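The lines below spell out each chain.
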Amino acid sequence: MRNWLSKRREYSRTVPETESGVGPMDSVFTKCEKCGEPIYEKDLRARFNVCPHCEFHYPLSASERIRLLTDSGSFEERDAGILADDLLGFENYRQRLQKARGRTGLDDAILSGTGAVGGKRVALAVLDFSFIGGSMGSVVGERVARTVELAGSEELPLVIVSASGGARMFEGVYLLMQMAKTSVALSRYVEGSWPYISVLTDPTFGGVTASFATAADVVLAEPGARIGFTGARVIEQTTKERLPEGFQTAEFQKEHGMVDRIVHRLSLKADLERLLGFLP
Amino acid sequence: MRNWLSKRREYSRTVPETESGVGPMDSVFTKCEKCGEPIYEKDLRARFNVCPHCEFHYPLSASERIRLLTDSGSFEERDAGILADDLLGFENYRQRLQKARGRTGLDDAILSGTGAVGGKRVALAVLDFSFIGGSMGSVVGERVARTVELAGSEELPLVIVSASGGARMFEGVYLLMQMAKTSVALSRYVEGSWPYISVLTDPTFGGVTASFATAADVVLAEPGARIGFTGARVIEQTTKERLPEGFQTAEFQKEHGMVDRIVHRLSLKADLERLLGFLP
Amino acid sequence: MILDFERPIKDFEDRITELRRLAGPSEELRGEISRLEEALDAARRRIYSNLTPYQRVQVARHPERPNFRAYRDALADDFYELSGDRVFGDDPAVRGGLARIGDHNVVLLGHDKGTDVNSRVKGNFGMAHPEGYRKVKRFYELAARFGLPVVVLVDTPGAFAGRGAEERGQAWAISDDLMTLARIPVPVISVIIGEGCSGGALAMCATDYVGMLENSYLSVIAPEACASIIFRDPSRAAEAAEALKVTAADMKGRGIIDEIIPEPLGGAHNDPQVTIEAVGQGLNRVLNGLSETDPEKLRQARYERYRRIGAHATENGQVG
Amino acid sequence: MILDFERPIKDFEDRITELRRLAGPSEELRGEISRLEEALDAARRRIYSNLTPYQRVQVARHPERPNFRAYRDALADDFYELSGDRVFGDDPAVRGGLARIGDHNVVLLGHDKGTDVNSRVKGNFGMAHPEGYRKVKRFYELAARFGLPVVVLVDTPGAFAGRGAEERGQAWAISDDLMTLARIPVPVISVIIGEGCSGGALAMCATDYVGMLENSYLSVIAPEACASIIFRDPSRAAEAAEALKVTAADMKGRGIIDEIIPEPLGGAHNDPQVTIEAVGQGLNRVLNGLSETDPEKLRQARYERYRRIGAHATENGQVG
Ligand SMILES: [Zn+2]
Ligand SMILES: [Zn+2]
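Note that the coordinates shown come from a computational prediction; the quantities given were computed from them, not determined experimentally.

Peer 1: Requested: an account of the interface of chain A and chain C, with residues and values cited.
Peer 2: Across the boundary between the two partners, chain A contributes 65 residues, which contact 54 residues of chain C. In this structure, the connection of chain A to chain C is made through three salt bridges. We note a salt bridge from A:Glu191 to C:Arg299, for which the minimum N-O separation is 2.9 Å. Connecting chain A to chain C are 18 residue pairs in polar contact (both at pLDDT 80 or more). Tallying contributions element by element places helix α6 (residues 173–189) of chain A first for the side of chain A that touches chain C, with 15 residues. Here the side of chain A that touches chain C is composed, by residue class, of 36 nonpolar, 16 polar and 13 charged.

Here you go:
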């Protein structure tokens with residue numbers, strides 16, 4: 001969550017939230033915040049929010065991500081209608097939830113269910129950064145755990161796409177326990193022999209990274225995605241250390257042995273198809 | 001082996017080989033090569049070749065090591081009479097073996113069997129640096145493997161004390177295969193639940209370190225022991241890099257997370273007793 | 001060190017000491033002294049029976065509060081420390097090894113906050129690096145291999161946030177601990193003896209039994225950090241501690257922990273001996289209970305326990 | 001690059017090219033040319049059918065010899081590279097991933113000597129660091145988890161000897177690979193395509209099937225290093241190679257490997273295509289054979305195979 005906000009602030013400079021998670025694209029044509037080139041909104045949408053000029057990957061909503069990855073019409077949502085409960089009575093949490101639900105049309109920062117990827121059926125969970133920064137709370141934890149169990153019981157490969165600023169501290173210790181919840185579920189799944197593929201997108205931090213997002217057989221990441229435990233801003237504040245260029249990028253994580261491959265968003269589906277083709 | 005000789009050269013400056021592996025102690029009284037203080041041979045023997053002034057650990061023969069670690073009279077040697085066979089017809093190998101056997105009274109660079117440590121029966125193998133630098137060859141590999149199997153079949157804890165300059169290249173690929181041999185044996189042993197404790201003494205390098213000596217549940221090392229894969233001299237020659245003070249010492253390896261504890265020779269038996277007391 | 005809210009207590013203590021000095025052997029001030037002693041006792045009771053969450057956080061951080069070393073030395077008849085992650089280094093922020101507690105051989109580990117400036121710095125104030133979490137994983141697996149119960153004493157402000165920690169996969173190391181904890185077929189029990197903050201604490205307390213000392217806390221984030229994010233004002237840490245519901249009582253009330261271990265009046269630092277004994281009795285009781293349990297049942301119960309916890313409701317209102 | 005002993009071959013080749021140039025379209029020199037071509041063929045045959053062990057070592061190191069990349073690109077219908085040891089880094093000296101070879105999905109890995117100066121330096125000439133061996137362990141375990149056979153192409157001058165490698169536990173990483181290899185219940189097959197030197201090679205070829213290309217070598221130490229130690233004279237490498245018995249024929253004769261895969265006349269670098277096809281056929285044959293085998297039988301056979309090898313005799317003379 002601390003990460004979430006630091007990230008969010010950076011973001012709001014470049015990408016005001018919209019339902020699709022797309023940035024300054026609501027006019028017919030706009031300027032890429034990264035390379036400054038003009039982009040037509042339709043081009044950007046057609047490329048799932050990847051700049052046609054500099055290939056910068058803008059945030060992508062869970063629904064668009066599912067459209068990107070699954071064979072058309074194959075996705076069936078599961079576990080809809082699970083809603084966060086403000087058990088701590090945390091100042092403004094209910095309002096925040098209302099606002100996020102209204103703005104995104106989502107129950108919470110996740111969509112999950114089953115779908116086909118190149119004809120192969122998988123259990124799929126996708127986090128959505130536009131819902132309170134994709135922060136992990138009880139609903140994300142519960143739906144991830146149920147998706148893992150679904151994969152186990154139906155003997156399906158498991159694919160989870162993460163985008164999370166970190167913890168949703170409005171839920172206090174409950175969200176901490178979601179790390180344990182998703183881990184116990186995964187620890188059972190991996191006793192079987194179906195693969196778990198994790199896809200890390202910008203940004204993935206905190207409790208998500210420190211639990212299910214990194215516990216996969218294969219870890220893929222989108223170019224330039226910022227991935228880590230604690231956000232760079234917080235680290236600089238606490239350690240007073242200047243961090244190197246590219247710190248915590250997907251490329252940095254690959255160089256440090258934490259990520260298997262950097263995959264361009266527009267080839268992500270093809271990569272998943274290849275990968276799943278090799279595996280049970 | 002390359003290590004063995006580089007080490008050996010260093011050694012010969014400090015510790016001419018004698019049957020006991022003890023250094024310049026054959027006169028009644030001598031000077032510690034390390035601290036320069038005078039030492040009476042009997043004191044040194046009484047302290048198992050640890051200098052009473054500077055605590056420098058001189059090499060210790062396998063038989064003395066067994067006397068140090070096992071309850072008196074409890075050790076029963078196994079697998080005696082396994083002799084190296086010069087299958088490659090390597091120049092001078094037979095002569096070297098003859099010489100080493102004569103000088104040390106050993107079949108090869110190892111003694112193995114069963115013994116009691118504080119009343120607890122264990123399978124024990126001890127390498128002897130004074131036999132061709134404790135280099136691993138077929139006999140070391142075979143007797144280590146048999147000791148591992150003995151421990152497995154009699155459900156005993158396993159203790160191996162290593163001292164090895166590295167590979168005995170006179171045996172060419174056979175010695176390489178001893179690494180595989182000891183590993184397959186150990187991989188079965190660890191399917192059981194009896195502990196394997198490895199003790200690293202000065203020097204432990206090459207094939208021994210890269211196989212059974214490091215594959216233990218608990219790894220102990222004597223103070224100042226030089227431990228690694230490739231010897232410092234070779235590394236400096238090949239990389240032209242100046243190596244830091246204390247490189248590859250037991251303390252260095254502990255700092256780098258490779259060794260559990262540094263144990264003074266004179267408390268090694270007590271440590272083993274404590275350790276074994278906790279374990280099956 | 002005296003915490004602000006402990007000031008009145010300190011004042012009474014000082015005055016009593018002073019009077020004793022004046023009175024010397026004479027009987028004169030006896031009455032006055034005993035009156036003050038009663039006031040002191042009352043003040044202690046008043047203050048400590050009404051600690052706010054943030055005051056408890058301060059007590060949990062008290063430098064004189066008994067920490068891992070104190071428990072280890074008092075409760076383990078023998079402790080054989082093991083070290084190293086076998087891949088990069090040895091992190092003194094977490095320590096562990098083989099220990100005998102009561103009749104039980106166990107793997108004992110915990111965060112080491114140290115006892116003086118040097119050891120505190122060496123132990124990075126209990127904030128572990130990936131090396132530390134990988135050493136912890138080694139301990140979990142060692143325990144599983146030998147069928148030994150694991151006892152964890154949790155006391156950390158969180159996993160360390162720094163460049164090296166990120167470069168070496170802090171998140172990966174913590175995740176790996178959680179996966180290992182979920183898997184090992186031996187009893188795993190933990191007591192939060194001070195601070196239990198962030199995933200750095202969870203990696204060592206997602207266990208079959210979780211006890212909390214009365215004034216310890218468990219939180220996803222430090223109240224100060226939470227305040228500076230939510231309220232944009234670190235000085236509102238007390239409110240954040242309140243809102244985050246971090247106390248042992250909160251956790252027990254929500255069924256997240258098994259037991260609150262009471263502290264002596266004036267907090268653990270006021271009587272370490274009594275505190276340590278209380279923890280020791282708890283550990284022995286739990287070890288006796290769990291050591292009989294069938295490993296598969298343990299894993300099953302652990303699964304169900306952590307699979308359940310959450311603050312969510314399905315649309316038909318029933319909590320999932 | 002021309003090896004010294006290949007010089008006569010090169011001379012014939014040059015003269016033939018020259019004559020062809022002079023002759024142009026005319027028929028004149030036809031006779032002379034074909035005479036030279038026969039001589040060239042004879043020279044090749046003469047030289048390559050009598051290679052000394054050290055000459056084979058030089059052939060095994062030939063920069064134009066087909067290496068991991070060539071086999072990967074030619075033999076894998078698809079190759080999905082995976083990377084990273086999940087604790088410190090990714091070592092390009094060894095590469096691996098998921099691949100389809102013939103009808104088999106496998107985990108394919110090997111030492112990457114690169115194809116040009118940059119990639120050779122990046123891959124550290126096939127000398128891996130601990131990160132590399134830990135990545136290899138990850139591949140072994142991934143294969144075990146999914147029941148995929150492992151195919152290893154070995155081509156290394158040895159595990160890297162350097163400061164960082166020692167600091168991060170080179171010996172520990174290699175030992176861990178050997179322990180993992182011994183354990184995994186899937187077929188593991190390796191082909192030594194070039195250099196197979198030291199424990200750095202063994203960590204990747206203590207397998208259920210070991211093939212060696214005709215001019216590859218397997219040795220505990222580089223002949224040059226052996227010579228400088230034993231003979232105190234690196235220039236006596238040829239003698240050392242002789243004494244160490246490093247050739248494929250030696251290994252086959254001693255029952256240490258399963259098969260010698262013949263190379264085309266003039267060595268693999270003289271006709272990579274043919275060489276790669278030969279290896280490919282061998283891999284397919286072995287994969288077809290082993291993929292049916294019961295996992296426990298595999299482990300048992302692997303155990304017996306490596307438990308047996310040794311050059312020792314018991315006093316009553318019978319080899320143990
Ligand atoms: Zn752009
Ligand atoms: Zn001395």
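Peer 1: How would you summarise the coordination of the zinc ion (ligand 1) if you had to cite specific residues and measurements?
Peer 2: Looking at the zinc ion (ligand 1), the protein donor atoms are A:Cys32 (SG), A:Cys35 (SG), A:Cys51 (SG) and A:Cys54 (SG), and they sit 2.2 to 2.4 Å from it. Here the donor residues of the zinc ion (ligand 1) share one chain and are spaced in sequence as C-x2-C-x15-C-x2-C.

Peer 1: Kindly report on the interface of chain B and chain C, identifying the contributing residues and their values.
Peer 2: At the junction of the two partners, chain B supplies 27 residues and chain C supplies 22 residues. Summed over both sides, the interface of chain B with chain C buries roughly 1900 Å², with 49% coming from carbon and sulfur. Area buried by chain B at its contact with chain C is led by B:Asp217, B:Asp260 and B:Phe278, which between them contribute 34% of it. Between the two partners, chain B and chain C, sit four salt bridges. Measuring nitrogen to oxygen at the nearest pair gives 3.0 Å for the salt bridge that ties C:Arg138 to B:Asp260. Inspection of the chain B/chain C interface yields 19 residue pairs in polar contact (both at pLDDT 80 or more).

Peer 1: Any details on the pattern of salt bridges? Residues and values, ideally.
Peer 2: In a structure, side chains of opposite charge can pair up when their charged atoms sit close to one another. Tallied over the entire structure, the rule returns 107 salt bridges over all chains. Among the ionic pairs, B:Arg242 bridges to B:Glu236, the shortest N-O distance being 2.2 Å. For the salt bridge of D:Arg163 with D:Glu167, the shortest nitrogen-to-oxygen distance reads 2.9 Å. Here D:Arg163 and its partner D:Glu167 are both found in helix α7 (residues 163–167), four residues apart, which amounts to about one turn of the helix. Salt bridges sharing common partners tie together A:Asp79, A:Glu142, A:Arg146, A:Glu149, A:Lys181 and C:Arg307.

Peer 1: Before we move on, could you go through the pairing of strand β6 (residues 209–213) of chain D and cite the residues and values that matter?
Peer 2: Residues and elements named next belong to chain D. The buried fraction of β6 amounts to five of the five residues, a majority that puts the element mostly inside the structure. Residues Tyr-209, Gly-211 and Leu-213 point to one face of β6 and Val-210 and Met-212 to the other, with burial holding for every one of them. Pairing of strand β5 (residues 188–197) with β6, which is carried by four bridges, proceeds in the parallel orientation. In the strand pairing of β6, Ser-190 is matched with Val-210.

Peer 1: How would you summarise the nonpolar core if you had to cite specific residues and measurements?
Peer 2: Counting residues in hydrophobic clusters, the biggest one holds 298 residues, and the most contacted among them are A:Phe212, A:Leu220, B:Phe212 and B:Leu220. Apart from the residues lying within four places of it in its own chain, the contact partners of B:Leu220 are B:Ile197, B:Ser198, B:Val199, B:Leu200, B:Val259, B:Arg261, B:Val263, B:Leu268, B:Leu272, B:Leu275 and C:Tyr80.

Peer 1: Describe the coordination of the zinc ion (ligand 2), with residues and values.
Peer 2: All names here are of chain B. Protein coordination of the zinc ion (ligand 2) is provided by Cys-32 (SG), Cys-35 (SG), Cys-51 (SG) and Cys-54 (SG), with donor distances spanning 2.2 to 2.4 Å. Every donor counted, the four donor atoms about the zinc ion (ligand 2) form angles of 103 to 113 degrees at the centre, which fits tetrahedral coordination. Within one chain, the residues serving as donors to the zinc ion (ligand 2) are arranged as C-x2-C-x15-C-x2-C. On the criterion of sequence distance, the pair formed by Cys-35 in the loop between β1 (29–31) and β2 (38–40) and Cys-51 in the loop between α2 (41–46) and α3 (62–69) is long-range, its members being 16 residues apart.

Peer 1: Give a description of helix α10 (residues 268–278) of chain B that names residues and reports values.
Peer 2: When α10(B) is considered as a whole, its buried residues turn out to be B:Leu268, B:Asp271, B:Leu272, B:Leu275, B:Leu276 and B:Phe278. For α10(B), the angular spread of the buried residues around the axis is 150 degrees, confining them to a single face.

Peer 1: I'd like to hear about the packing of aromatic side chains, residue by residue, with values.
Peer 2: On inspection of all chains with the given rule, the structure shows 15 aromatic pairs over all chains. Here the aromatic rings of B:Phe247 and B:Phe252 are separated by 5.1 Å at their centres, their planes lie at 65 degrees, and the arrangement is edge-to-face. Taking the relative accessible area as the measure of exposure, B:Phe252 reaches 8% and is therefore buried. On the numbers, 6.1 Å between centres and 65 degrees between planes, the contact of C:Phe5 with C:Tyr48 is edge-to-face. One end of the pair, C:Phe5, is in the segment before α1 (7–23); the other, C:Tyr48, is in helix α2 (residues 30–48), with 43 residues separating them in the sequence. Here the aromatic cluster, defined as three or more aromatic residues joined through ring pairs, consists of A:Phe90, A:Tyr93 and A:Phe170. Its guanidinium or amino end placed over the ring of C:Tyr80, B:Arg261 lies 3.9 Å from that ring's centre, counting from NZ or CZ. Sitting above the plane of the D:Phe231 ring, D:Arg236 keeps its charged end 4.1 Å from the centroid.

Peer 1: Break down the sheet that holds strand β8 (residues 196–204) of chain B for me, with residues and values.
Peer 2: Residue and element names in this part refer to chain B. Pairing within the open sheet is mixed, and its seven strands lie in the order β3-β5-β6-β7-β8-β9-β10. Looking at strand neighbours, the two that pair on one side only are β3 (76–77) and β10 (261–262), the edges of this open sheet. When strand β9 (residues 218–221) meets β10, the two strands line up parallel, connected through two bridges. Looking at the pairing, Ala-221 lines up with Ile-262 of β10.

Peer 1: Just give me the short version of the pairing of strand β9 (residues 218–221) of chain A, but keep the residues and values in it.
Peer 2: Residue and element names in this part refer to chain A. Judged by which residues are buried, β9 turns out to be covered on both faces: Val-218 and Leu-220 on one side and Val-219 and Ala-221 on the other are all buried. The sheet contact formed by strand β8 (residues 196–204) and β9 spans four bridges and is parallel. Bridge assignment links Val-199 to a residue of β9, and that residue is Leu-220.

Peer 1: Could you give me a rundown of helix α13 (residues 272–290) of chain D, with the residues and numbers involved?
Peer 2: Residues and elements named next belong to chain D. Between its first and last C-alpha atoms α13 spans 27 Å; for 19 residues at 1.5 Å apiece the expected length is 27 Å, and the two agree. Of the positions making up α13, those classed as buried are Thr-275, Ile-276, Val-279, Gly-280, Gly-282, Leu-283, Val-286, Leu-287 and Leu-290. Down the axis, α13 shows its buried residues gathered within 165 degrees of arc, on one side only.

Peer 1: Please provide a residue-by-residue account of the sheet that holds strand β3 (residues 76–77) of chain A, values included.
Peer 2: The pairing of strands in a sheet comes from backbone hydrogen bonds and takes either a parallel or an antiparallel form. Strand order in the open sheet made by the seven strands is β3-β5-β6-β7-β8-β9-β10 (chain A), with mixed pairing throughout. Looking at which strands have only one partner, the edges of the open sheet turn out to be β3 and β10 (261–262) of chain A.

Peer 1: Mind laying out the side chain of A:Thr209, listing which residues take part and the relevant values?
Peer 2: Along the chain, A:Thr209 falls in the loop between β8 and β9. By relative accessible area, A:Thr209 is classed as buried at 0%. Side-chain polar atoms of A:Thr209 contact the backbone nitrogen of A:Phe205, separated by 3.2 Å. If we skip the residues at most four places from it in the chain, A:Thr209 touches A:Thr204, A:Thr214, A:Ile227, A:Gly228, C:Ala171, C:Trp172 and C:Ser175.

Rules of the game
The residue count restarts for each chain, going from 1 along the sequence in the order it is written. Both sets of labels track the order of writing: A upward for chains, 1 upward for ligands. A pLDDT threshold of at least 70 governs which residues receive local features in this predicted model, and a stricter bar of 80 or more applies before side-chain atom pairs are shown or counted, although totals over entire chains, interfaces and linings include all residues. Working from all heavy atoms in the structure, the side-chain values ignore hydrogens and water. Here, residues are in contact when the closest pair of their heavy atoms is within 4.5 Å. Salt bridges are identified by distance alone: a Lys or Arg side-chain nitrogen within 4 Å of an Asp or Glu carboxyl oxygen. Think of a polar contact as two N or O atoms within 3.5 Å of one another; within protein, one of them needs to be a possible hydrogen donor and the other a possible acceptor, and neighboring residues in sequence only count if both atoms come from side chains. In this description a helix means any DSSP run of H or I spanning at least four residues, a strand means any run of E spanning at least two, and both kinds are numbered starting from the N terminus. Think of it as three bins: nonpolar holds Ala, Val, Leu, Ile, Met, Phe, Trp, Tyr, Cys and Pro, charged holds Asp, Glu, Lys and Arg, and polar takes everything else, Gly as well. Metal coordination here is assigned from N, O and S atoms located within 2.8 Å of the ion, or within 3.2 Å for Na, K and Ca; omission of water means that sites may look incomplete. Buried area is a sum: the accessible area each of two parts loses on coming together, probed at 1.4 Å, counted once for each and added. Think of it in three bands: with a 1.4 Å probe and only protein chains considered, a residue is buried below 20% of the maximum accessible area for its type, exposed above 50%, and partly exposed in between. Should DSSP find at least two bridges between two strands, the strands are taken to pair. We call a set of buried Ala, Val, Leu, Ile, Met, Phe, Trp, Tyr and Cys residues a nonpolar core when their side-chain atoms join them within 4.5 Å. In short, tetrahedral needs four donors with all angles between 85 and 135 degrees, square planar needs four and octahedral six donors with opposite donors over 155 degrees apart and all other angles between 65 and 115, and whatever is left is irregular. Comment: arc refers to directions from the helix axis out to C-beta atoms. Two rings from Phe, Tyr or Trp (for Trp, the six-membered ring) form a pair when their centres sit within 6.5 Å of each other. Planes less than 30 degrees apart are called stacked, planes more than 60 degrees apart edge-to-face, and all others tilted. Comment: the charge-over-ring label is applied if NZ (Lys) or CZ (Arg) is within 6 Å of the ring centre and within 35 degrees of the ring normal. An expected span of 1.5 Å times one less than the residue number is assigned to each helix.

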